[in-house]
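Observations on the model geometry
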Amino acid sequence: MPGDDLRRNEGPAVRLRRLGASAVIGLFALTACGSGDSGVLAPTPKPSGPTTFSVKKIDGLDSGSELKPPRTTSFAETSWSKPRYTTQRPDVSGYDTLNAAVEKQVRSWTETYTKDMATASQSDLTVTWETAAAAGGILGIRLISHTTAADAALESVTIYGDVEATWTSADLIRPDKRNDLIKRLAKELKADTPPDLAEAARTALTDITFQPDGSMVVRVDQGALLPYSEGAYSVTIQNPQQYLSDDGVRVMRATMDTTTQPTLPPVTTSAAVAPHVDCTKTKCIALTFDDGPGPYTSTVLDTLEKNNAKATFFVLGPSVQGNPELVRRIASLGMDIGNHTWSHSQLTLLAPETVTDEINRTSAAIKAAAGVDPVAVRPPYGDFNASTAHGGLPFVLWNDDTLDWKNRDAKQTTKLALDQAKDGGIILMHDIHASTAAALPDIIAGLKQRGYTLVTVSDLLGKMDPKKAYFSRTDVR
Ligand code: NI
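Rules and cut-offs
Residues numbered from 1 in each chain as written. Predicted model: local features only at pLDDT ≥ 70, side-chain atom pairs only at ≥ 80, totals over all residues. Heavy atoms only, no water. Helix = DSSP H or I, 4+ residues; strand = E, 2+ residues; numbered from the N terminus. Buried < 20%, exposed > 50% of the residue type's maximum accessible area, 1.4 Å probe, protein only. Contact = heavy atoms within 4.5 Å. Areas by Shrake-Rupley, 256 points an atom, 1.4 Å probe, with all protein chains shown as cover. Core = buried A, V, L, I, M, F, W, Y, C linked by side-chain atoms within 4.5 Å. Phe/Tyr/Trp six-rings, centres within 6.5 Å; stacked < 30°, edge-to-face > 60°. Lys NZ or Arg CZ within 6 Å of the ring centre and 35° of its normal. Disulfide = S-S within 2.5 Å. Pairing = 2+ DSSP bridges. Axes fitted to C-alpha atoms, helices over the stretch in contact; angles between N-to-C directions. Donors = N, O, S within 2.8 Å, 3.2 Å for Na, K, Ca; no water. Left-handed = near helix turned anticlockwise from the far one by under 90°. Nonpolar A, V, L, I, M, F, W, Y, C, P; charged D, E, K, R; others polar. Polar contact = N/O pair within 3.5 Å; in protein donor to acceptor, adjacent residues only side chain to side chain. Arc of directions from axis to C-beta. Salt bridge = Lys/Arg side-chain N within 4 Å of Asp/Glu carboxyl O.

**Regarding the overall build of the protein**
Secondary structure assignment for the protein yields 13 helices and 18 strands. Among the 477 residues that make up the protein, the fraction classed as buried is 57%. When contacts within the protein are restricted to residue pairs at least 6 apart in sequence, those whose partners lie at least 24 apart make up 73%. Within the structure as shown, the protein displays about 19,300 Å² of accessible surface, and the carbon and sulfur contribution to it stands at 51%.

**As for the nonpolar core**
Counting 38 residues, the largest nonpolar core has Leu181, Leu189, Leu205 and Met216 as its most contacted members. Elements with a minimum of two residues in this core: β1 (52-58), β4 (124-135), α3 (178-188), α4 (197-204), β8 (208-210), β9 (216-220), β10 (232-238) and α5 (246-256). Membership of the second largest hydrophobic core comes to 35 residues, among which are Leu304, Ala370, Met429 and Tyr452.

**Looking at the packing of aromatic side chains**
Taken as a whole, this structure holds four aromatic pairs when the rule is applied. Each ring, one from Phe53 and one from Tyr243, has its centre 6.3 Å from the other, and the planes form 85 degrees; the classification is edge-to-face. Remark: Tyr243 occurs in the loop between β10 and α5 and Phe53 occurs in strand β1; sequence separation between them is 190 residues. Given a relative accessible area of 6%, Tyr243 falls into the buried group. Taking the centre distance of 6.4 Å and the plane angle of 35 degrees together, the rings of Phe384 and Phe471 count as tilted. Note that Phe384 is positioned in the loop between α9 (352-370) and β14 (395-396) and Phe471 in the segment after β18 (469-470), a separation of 87 residues in sequence. On the basis of relative accessible area, Phe471 is assigned to the buried category, the value being 14%. One aromatic cluster is present, built from ring pairs that chain together Phe384, Phe395 and Phe471. Its end group placed over the ring of Tyr452, Lys283 keeps NZ or CZ at 4.5 Å from the ring centre. Above the face of the Phe471 ring, Arg477 is positioned so that its terminal group lies 3.6 Å from the ring centre.

**Here we look at the state of the cysteines**
Inspection of every chain in the model, using the stated rule, returns one disulfide. Disulfide pairing is shown between Cys279 and Cys284; the S-S distance is 2.1 Å. Handedness of the Cys279-Cys284 disulfide follows from its S-S torsion of about -85 degrees: it is left-handed. Each of the two residues, Cys279 as well as Cys284, counts as buried.

**Topic: the sheet that holds β8**
Read across the open sheet, the four strands follow the order β1-β10-β9-β8; overall the sheet is antiparallel. The outermost strands of the open sheet, each flanked by one partner alone, are β1 and β8. Each neighbouring strand pair of the sheet contributes to a mean axis angle of 25 degrees, computed without reference to strand direction. In this sheet, β10 lies alongside β9 in antiparallel orientation, the contact comprising five bridges.

**A short note on the coordination of the nickel ion**
Taken together, Asp291 (OD), His340 (NE2) and His344 (NE2) make up the protein donors of the nickel ion, found 2.1 Å from the metal. Read from N- to C-terminus, the donor residues coordinating the nickel ion fall into the pattern D-x48-H-x3-H. Owing to a relative accessible area of 1%, His344 belongs among the buried residues under this scheme.

**Quick notes on the packing of helix α11 (residues 410-419) against helix α12 (residues 434-449)**
Closest axis-to-axis distance for the α11/α12 pair is 8 Å, and the angle between their directions is 35 degrees. Helix-helix and strand crossings are classified by hand; for α11 and α12 the assignment is right-handed. For the pair α11 and α12, contact is made by Ala410, Thr413, Thr414, Ala417 and Leu418 and by Ser435, Ala438, Ala439, Asp442, Ile443, Gly446 and Leu447, respectively. Classifying every residue of the contact of α11 with α12 by side-chain character gives seven nonpolar, four polar and one charged.

**A few points about unusual backbone geometry**
Going from Gly292 to Pro293, the amide bond is cis rather than trans, its omega being -5 degrees. On the secondary structure map, Pro293 appears in the loop between β11 (284-292) and α6 (297-306). The phi torsion at Asn308 lies on the positive side, around 55 degrees, for a residue other than glycine. Looking at the secondary structure, you find Asn308 in the loop between α6 and β12 (312-315). For Asn308, a relative accessible area of 63% corresponds to the exposed category. One non-glycine residue with positive phi stands out, namely Thr341, at about 75 degrees. Looking at where Thr341 falls in the secondary structure, it is placed in the loop between β13 (336-339) and α9.

**Section: the side chain of Asn239**
Along the polypeptide, Asn239 turns up in the loop between β10 and α5. Note on Asn239: relative accessible area 14%, which makes it buried. For Asn239, the side chain forms a polar contact with the main-chain oxygen of Pro50, separated by 3.1 Å. Those residues in contact with Asn239 that sit more than four places away from it in its chain are Pro47, Ser48, Gly49, Pro50 and Thr51.

**Some points on the pairing of strand β3 (residues 84-91)**
With seven of its eight residues buried, β3 lies for the most part within the structure. In the sheet, β3 pairs with β4 via four bridges, with the strands oriented parallel. Pairing of Thr87 across the sheet is with Val127, part of β4.

**Thoughts on α6**
Taken together, the buried positions of α6 are occupied by Thr297, Val300, Leu301, Thr303 and Leu304. Axial view of α6: buried residues confined to an arc of 160 degrees, hence all on one face. In the segment just after α6, Asn308 is the residue with positive phi, at about 55 degrees.

**Describing the pattern of salt bridges**
Enumeration over the complete set of coordinates arrives at 15 salt bridges. For Arg89, the salt bridge identified is with Glu103, shortest N-O distance 3.8 Å. Here Arg89 is found in strand β3, whereas its partner Glu103 is found in helix α2 (residues 96-116), with 14 residues between them in sequence. Take Arg89: its relative accessible area is 16%, and that puts it in the buried class. Assessed through its relative accessible area of 28%, Glu103 is described here as partly exposed. With a closest N to O distance of 2.5 Å, Glu130 and Arg142 form a salt bridge. Of this pair, Glu130 sits in strand β4 while Arg142 sits in strand β5 (residues 138-147), and the two are twelve residues apart along the sequence.

What follows is the structure, given as structure tokens:
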């Protein structure tokens, strides 16, 4: 078709197109609206010209959304036994059917992966999420699945919903137009027309989003239309109205509503006036919480605050974006914030530039949420070596593992924490488990009884060397 804009970028360093900053959608538009149209929506878009397609290769984890997530809880689950995986998914208040659809997709990935990778020695699945649309009562959640197994694979699925219903990405396309769209996508990607168009629609139309200018982006997973070795592509379609179902038009209109997000006031840190503990003279120990913030972080913070205890939270980027208020509360209580990477991958399996990107993106999210910089990085699974990139921050590990992720038992977690407690020690816990939150009052009481002052890692370790890894105050490698 004349006017087609076919750009195919084959370079391995090319990243998926990032959506413009104007894509930021207001939080309150989501929380204030129920289902159905509201007065804030853009008028129904009319095609402003011919339907045109452009193609771009997708490379890396960053799928490019600049949208701020809605007020929500991010659930994280980590399996430390092999095959390893970490999943994060949102749980949005009032969007029960969407939450269920999101959970089902994540579960389907982990189940398939666990089955496929049962015999693999080194494998690592991470599922992260981001907001693809949030306005007019409509919410779009993009789930990104990434494995660092031998043939790294990237898959993404975007699911939409309002308070009553959910739609798959394919639902945004008129049923009588899906075959046409598949044929056209195959042509743009220089792929053969699939023999089974219905099956191709099922695998290729899983991640459809809209940009503020009304263009539609179809992300075609590896192996969906092109051979697996060709990688994943995004195809941007200008003036896509002819393909859209009624639900597709609703989602498009919601995405074109570019209400800006209210900015958060700066954090005031109460600890700034509190004297810091001198751990060279006092018996100190550091409680650390990984993989959050999540559903139990508030309870953990309540307990810490009530007991005048400090701790350090090693947070994941998507959970920071999903729970900015929690991150701000952590900072305002004088706790340390540490960086636990973006996707919780095993860092020794990633390229150095990917590790740096994982750390930098997470640091930027922490800064955006709470206005503070992370004090250290904790590599997921404690996995690093001498050549692992560290983003200019020290690694902080632990010497007291409560195994809370495994035992999920408050009594056992408490016993392990107290039995291994040492002066200058670092205790590993996860604020994503109810049992850990339940164990905390007894752990704090037990440690205080043994004469410990509960401090942040920066109080425990003093000035840290960014080239070193700290397992305790005396075990520095
Ligand atoms: Ni972790």
